[in-house]
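Architecture and fold: a report
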Amino acid sequence: MCIRDRLLVGVVALNSPPVRGVPDGTEVVAVDPPTHVEGDIHDEGEVPAGGAHSAAWQNCGFYETEIRSENAVHSLEHGAVWITYRPDLPPNQITQLASLVNRQDKILVSPVSGQGAAVIATAWANQLELDDANDGRLQQFINEFEGSLSAPEPGGLCSGGVG
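Below is a short write-up of the structure. Treat the numbers as computed from the prediction; the structure is a model and nothing was measured.

1. Here we look at the nonpolar core
Inside soluble globular proteins, nonpolar side chains tend to come together where they are buried. Of all hydrophobic cores here, the largest spans 21 residues; its most connected members are Val-81, Ile-83, Leu-97, Val-119 and Leu-138. For this core, the secondary structure elements donating two or more residues are strand S3 (81–85), helix H3 (91–101), strand S4 (107–111), strand S5 (119–123), strand S6 (126–130) and helix H4 (137–145). Not counting residues up to four positions away in its chain, the partners in contact with Leu-97 are Ile-83, Tyr-85, Leu-89, Val-109, Val-119, Ala-133 and Leu-138. In this structure, Val-47, Tyr-63, Ile-67 and Val-73 belong to the second largest nonpolar core, which totals 14 residues.

See the structure below:
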């Protein structure tokens, strides 16, 4: 193999497209219509994948404290991916989740006390439970659903709301 061919292989490897497709283990979640409601409607530890929600969306970004799920669901309606984690997740994995926000436009990361899995990735009507933030399916889920046209309002903002 000549040097030109090696360079071409290196460039192709560095510029490979992101892994897309619905990752194995993703569940399609039946959700109610996206209606606006007032007050708290979700139980502690619940990570809803759509349905009724607050009229105000949650600004995308990383949060060290819990946020209202009713606001996060409105962000899902706009095509955001909400990544939740148990507060006892190891600090290095929390840091890894926080770093995802810097690379994406519509990513919301926050802890949820009492959730079943260590990490849950949620998009409108889709959810993936993970044991570890290092699972490669997390980035695949983001690649597939962030800004997805399957969300009710995919062009909606992920800034200018609350948080």
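2. Description of the pattern of salt bridges
Under the counting rule described, the total for this entry stands at four salt bridges. With a closest N to O distance of 3.5 Å, Asp-88 and Arg-86 form a salt bridge. Residue classification places Asp-88 among the exposed positions, given a relative accessible area of 61%.

3. Quick look at the pairing of S3
Among the five residues that make up S3, five are buried, leaving the element largely enclosed by the rest of the structure. The two faces of S3 match: Val-81, Ile-83 and Tyr-85 on one face and Trp-82 and Thr-84 on the other face are all buried. Bridging between S3 and S4 involves five bridges; their strand directions are parallel. Its bridge partner being in S4, Ile-83 is matched across the sheet by Val-109.

The rules we used
- Position numbers for residues count from 1 along each chain, tracking the sequence in the order it is written.
- It should be noted that, the model being predicted, local features are given only for residues of pLDDT at least 70 and side-chain atom pairs only at 80 or more, the latter also being counted only at that level, while totals for whole chains, interfaces and linings use all residues.
- Side-chain figures throughout are based on the complete set of non-hydrogen atoms in the structure, without hydrogens or water.
- Buried residues of nine kinds, namely Ala, Val, Leu, Ile, Met, Phe, Trp, Tyr and Cys, make up a nonpolar core once their side-chain atoms join them within 4.5 Å.
- Only protein chains enter the accessibility calculation, which uses a 1.4 Å probe; a residue is then buried when its area is under 20% of its type maximum, exposed when over 50%, and partly exposed in between.
- Runs of H or I in DSSP of at least four residues are treated as helices and runs of E of at least two as strands, each being numbered from the N terminus.
- The criterion used for residue contact is that any of the two residues' heavy atoms lie within 4.5 Å.
- One speaks of a salt bridge when a side-chain nitrogen belonging to Lys or Arg is within 4 Å of a carboxyl oxygen belonging to Asp or Glu.
- At least two bridges found by DSSP between two strands are what make those strands a pair.

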